[in-house]
Amino acid sequence: MSERVIEQFMWGFQDIFRSSVEFEVERAFEEIEFEAYVRCILVGFEVTDGHRFPICVEQGEGLYKTEDFSDVQRLAVEKYRNNPESSVLHSHPRVRKLRQESLMNRMRAEALEETLGSLEGQSERVFFASNSVQVGDYDVHVIIGTEKQAVARVPQISTTMSDRMPVLQSLVHAVIWEILGRAAKALYLPEAGSDLSVLGASTGEIVRTATEYMLRTMMYCIHYWFASDFHLLMNQLSALPYEGREGAGRLVLAKADNPAIDVSVKLASPVNSRNTLAIRKLLEGGGPTADVLSDGERIYGLGTVRSDYDPTTESVFSVRFLRRGYWEFSHAGAALLAVRDGIPSLPQHVLDERYLLDLCDRLFTESDGDVLVQAARAIGKHRHGAMLVISADAEGEAKRLSPQSWAVEPSLLSPSLLTQLTDMDGAVLLDPHGNCHAIGVILDGVAKGEGDPARGSRLNNTVRYLGSGRVATIVVVYSADGGIDVLPHLHRRVLKSEVNGAVAAYLALAPQRPPELERVNRLWDAVKAFRFYLSADQCNALNDAREAIEEWRMETTQMRIEENLLIPDPKMDESYWLKENE
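Residues numbered from 1 in each chain as written. Predicted model: local features only at pLDDT ≥ 70, side-chain atom pairs only at ≥ 80, totals over all residues. Heavy atoms only, no water.

Draft legend 1. Molecular detail of the overall build of the chain. A tally of regular secondary structure across the chain gives 16 helices and 23 strands. If one aligns the C-alpha atoms of the chain with their principal axes, the spans along those axes are about 85 × 75 × 40 Å. Per-residue burial for the chain yields a buried fraction of 47% across its 582 residues. Sequence separation of at least 24 residues holds for 67% of the intrachain contacts in the chain that already meet a minimum separation of 6. Summed over its atoms, the accessible surface of the chain is roughly 29300 Å², and 51% of this surface lies on carbon and sulfur atoms. The averaged location of the 84 negative side-chain charges in the chain is 5 Å from the averaged location of its 61 positive side-chain charges. (Helix = DSSP H or I, 4+ residues; strand = E, 2+ residues; numbered from the N terminus. Buried < 20%, exposed > 50% of the residue type's maximum accessible area, 1.4 Å probe, protein only. Contact = heavy atoms within 4.5 Å. Areas by Shrake-Rupley, 256 points an atom, 1.4 Å probe, with all protein chains shown as cover. Lys, Arg positive; Asp, Glu negative; His and termini not counted. Charge placed at Lys NZ, Arg CZ, Asp CG, Glu CD.)

Written as structure tokens, this is what we have:
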């Protein structure tokens, strides 16, 4: 067995604690369907002088040096002095002392976030740091790093403070802060990390608590401060039927005196927001011309959001009840959160316009991408599911399918008309330039063991149709359950140099003994992400290198990790490479 040594020692289980928190973040991200690289770091500042390392870093693979953080304390003091909260007066001396110590702690956490983001090679990452907790002789911060662009793509608001109260911008931010808060509390326990369940909660519980926190803080934006049970109330509303019908309707959240709100019907006696039966009945009165209006505490009428509402104010939110047990929390038409049967996640039913345009470029000689994207958006305004078929031989397919559809004179249809046509069963058939050739189209095809029995008939009919050797065709499927698929599902195009770089990095590090296992594992994950594109020679070299590592692991730890061998994919061809100058 190899000897376990902690060079920058803060406490005996610091490495296990760090890796356990990192694992919990990965699981929580998976739970909310957020895909991104995750890294957890611990940084400790000595409380008393005389230690070999005044600053300790627990990080797994060695990316950061202690000297990288030498300026953090100075930066924290500077941030503290510039923060308006540092000059706030408190009547009781102890209250002031505690508040200012907490503020200084927070400023050091922010200084850590900024310092990490400014280091060489870290510009593509964003970092979130907890306040510190004293463990032994060190004040320890827990830090979570992830991909900056992935976080930026998440539906979110820009407000971070409302009346001196912190606001969480998205579900991802809420999950990270919930985990950081739990990790910081865990540091108060003796020998933190000796129990692998360091956060003391299941992944589902962590995500639900994060969701409640996110919604409560976003309600600060409409100046409602007591929304601790908002998530529960919305779940109850979405589950309530009305005279046998499943829940539907929209609840607009804004102050009654908000200039962006036009009140059409004002209730003489507002309804308490906890009276879910009454609110469910009022939702039946909502519709295209008026929504139910709430200030968080009470329902005060029916009305609309003015067309000139300035979304930068972030003072009006809404909850849309789509069907029983399923609701969305939104701002300015963009869903921030989806909850299905009490399980929160990021909204997934978003049209992948970039992938649609990529398919058009790959499958059609010529196409009008902008027109096709507009058509796909219009179809997305359906009431019960819809399909858009784009065929390189739309004219021929319209004739072939005419016994079970209506062929039309080719023409461009307005978005509003395309939306209207979704009320009819069957798909709308367009050519690559956006001209409509048929409506009410029912796709045919032969079952070949493909498809997904958990999905509806629209998706499975499309899979059969595309699998029957048709000419180049793209199908956009909007399922009644809210899912959106752009078919066919092709692997994205990548740069050959990017794949070769990932392979070379792994093969260069793998022979090192003893191996830097965490870094090797991350490089292996990067290689696996490109497994579709690997050649036979690359697969063989990678498999051999990994086997050598597992043999070393077995000799030194009496353990090994088994994984399936990498094999070349027969579907891979030159069409999946991007030009190096793109």
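Draft legend 2. Local environment of empty space enclosed by the protein. Per the counting criterion, the structure on display carries 2 cavities of 30 Å³ or more. In this structure, the largest cavity occupies an estimated 100 Å³ of space. In this structure, the largest cavity is lined by 16 residues; those nearest its centre are Phe230, Leu233, Met234, Ser273 and Gly296. Broken down by secondary-structure element, the contributors of at least two residues to the lining of the largest cavity are helix 7 (230–239) and strand 8 (249–253). Here the element with the most residues in the lining of the largest cavity is helix 7; it accounts for 4 residues. Within the lining of the largest cavity, the residues separate by chemical class into 11 nonpolar, 3 polar and 2 charged. (1 Å grid on protein atoms, 1.4 Å probe; cavity = no way out; pocket = protein on both sides within 12 Å on 5 of 7 lines; lining within 4 Å. Points joined across faces, edges and corners; volume = space filled by probe spheres on them. Nonpolar A, V, L, I, M, F, W, Y, C, P; charged D, E, K, R; others polar.)

Draft legend 3. Spatial organisation of the state of the cysteines. Scanning the entire structure with this criterion turns up 0 disulfides. Cysteine 56 takes part in no disulfide bond, and the closest cysteine sulfur, belonging to cysteine 40, lies 15 Å away. The class of cysteine 56 is buried, set by a relative accessible area of 0%. (Disulfide = S-S within 2.5 Å.)

Draft legend 4. Quick peek at the pattern of salt bridges. Within the structure shown, the criterion is met by 33 salt bridges. Between arginine 362 and aspartate 358 there is a salt bridge, and its shortest N-O distance comes to 3.0 Å. In this pair, arginine 362 and aspartate 358 both sit in helix 9 (residues 353–363), 4 residues apart, roughly one turn of the helix. The salt bridge partner of lysine 399 is glutamate 395, with a shortest N-O separation of 3.8 Å. In this pair, lysine 399 and glutamate 395 are both assigned in helix 11 (residues 394–400), 4 residues apart and thus about one turn of the helix distant. One network of salt bridges, in which partners are shared, links Asp525, Lys528, Arg546, Glu550, Arg553 and Glu563. (Salt bridge = Lys/Arg side-chain N within 4 Å of Asp/Glu carboxyl O.)

Draft legend 5. Structural view of helix 14 (residues 496–509). Its 14 residues give helix 14 an end-to-end C-alpha distance of 20 Å, which sits within 8% of 20 Å, the value for a rise of 1.5 Å per residue. When we look at burial in helix 14, the residues that qualify are Val499, Ala502, Val503, Tyr506 and Leu509. When helix 14 is viewed along its axis, its buried side chains cluster within an angular range of 145° and face the same direction. Against strand 22 (494–495), helix 15 (517–529), helix 16 (536–557) and strand 23 (577–578) lie the buried residues of helix 14. (Expected span 1.5 Å × (residues − 1). Arc of directions from axis to C-beta.)

Draft legend 6. Structural view of the pairing of strand 20 (residues 473–478). Burial analysis of strand 20 places 6 of its 6 residues in the buried class, which makes it a mostly covered element. The side-chain alternation of strand 20 yields two buried faces, one formed by Thr473, Val475 and Val477 and the other by Ile474, Val476 and Tyr478. As judged from the 6 bridges shared by strand 16 (residues 386–391) and strand 20, these two strands associate in the antiparallel manner. Bridged to valine 389 within strand 20 is valine 475. Of the strand pairs in this sheet, strand 20 and strand 21 (residues 484–487) are connected by 4 bridges, and their pairing is antiparallel. (Pairing = 2+ DSSP bridges.)

Draft legend 7. Examining the sheet that holds strand 16 more closely. Spatially, the 6 strands line up as an open sheet ordered 17-19-18-16-20-21, and their pairing is mixed. Only two strands of the sheet have a single neighbouring strand rather than two, namely strand 17 (406–412) and strand 21. Averaged over all pairs of adjacent strands, the angle between their axes in this sheet comes to 15°, without regard to strand direction. Along the sheet face, helix 9 touches strand 16, strand 20 and strand 21 and points at about 160° away from the line of strand 20. (Axes fitted to C-alpha atoms, helices over the stretch in contact; angles between N-to-C directions.)

Draft legend 8. The sheet that holds strand 9 (residues 261–272), seen in detail. The sheet built from 8 strands is open, its strands ordered 9-11-10-8-12-13-14-15 with mixed pairing. A single partner strand is all that each edge strand has here, and the edge strands are strand 9 and strand 15 (343–345). Adjacent strand axes in the sheet meet at a mean angle of 25° when their direction is disregarded. Relative to strand 11 (residues 298–305), strand 9 runs antiparallel, the two being bridged by 7 bridges.

Draft legend 9. Looking closely at helix 2 (residues 72–82). Every buried residue belonging to helix 2 is among Val72, Leu75, Ala76, Lys79 and Tyr80, and all of these are buried. Buried residues of helix 2 fall within an arc of 140° about the axis and therefore sit on the same side. Pointing more than 90 degrees away from the buried face of helix 2 are the exposed residues Arg81 and Asn82.

Draft legend 10. The arrangement of the environment of arginine 340 in detail. Mapping arginine 340 onto the fold places it in strand 14 (residues 334–340). Considering only alpha carbons, one finds arginine 340 and methionine 219, 121 residues apart in sequence, at a separation of 21 Å.

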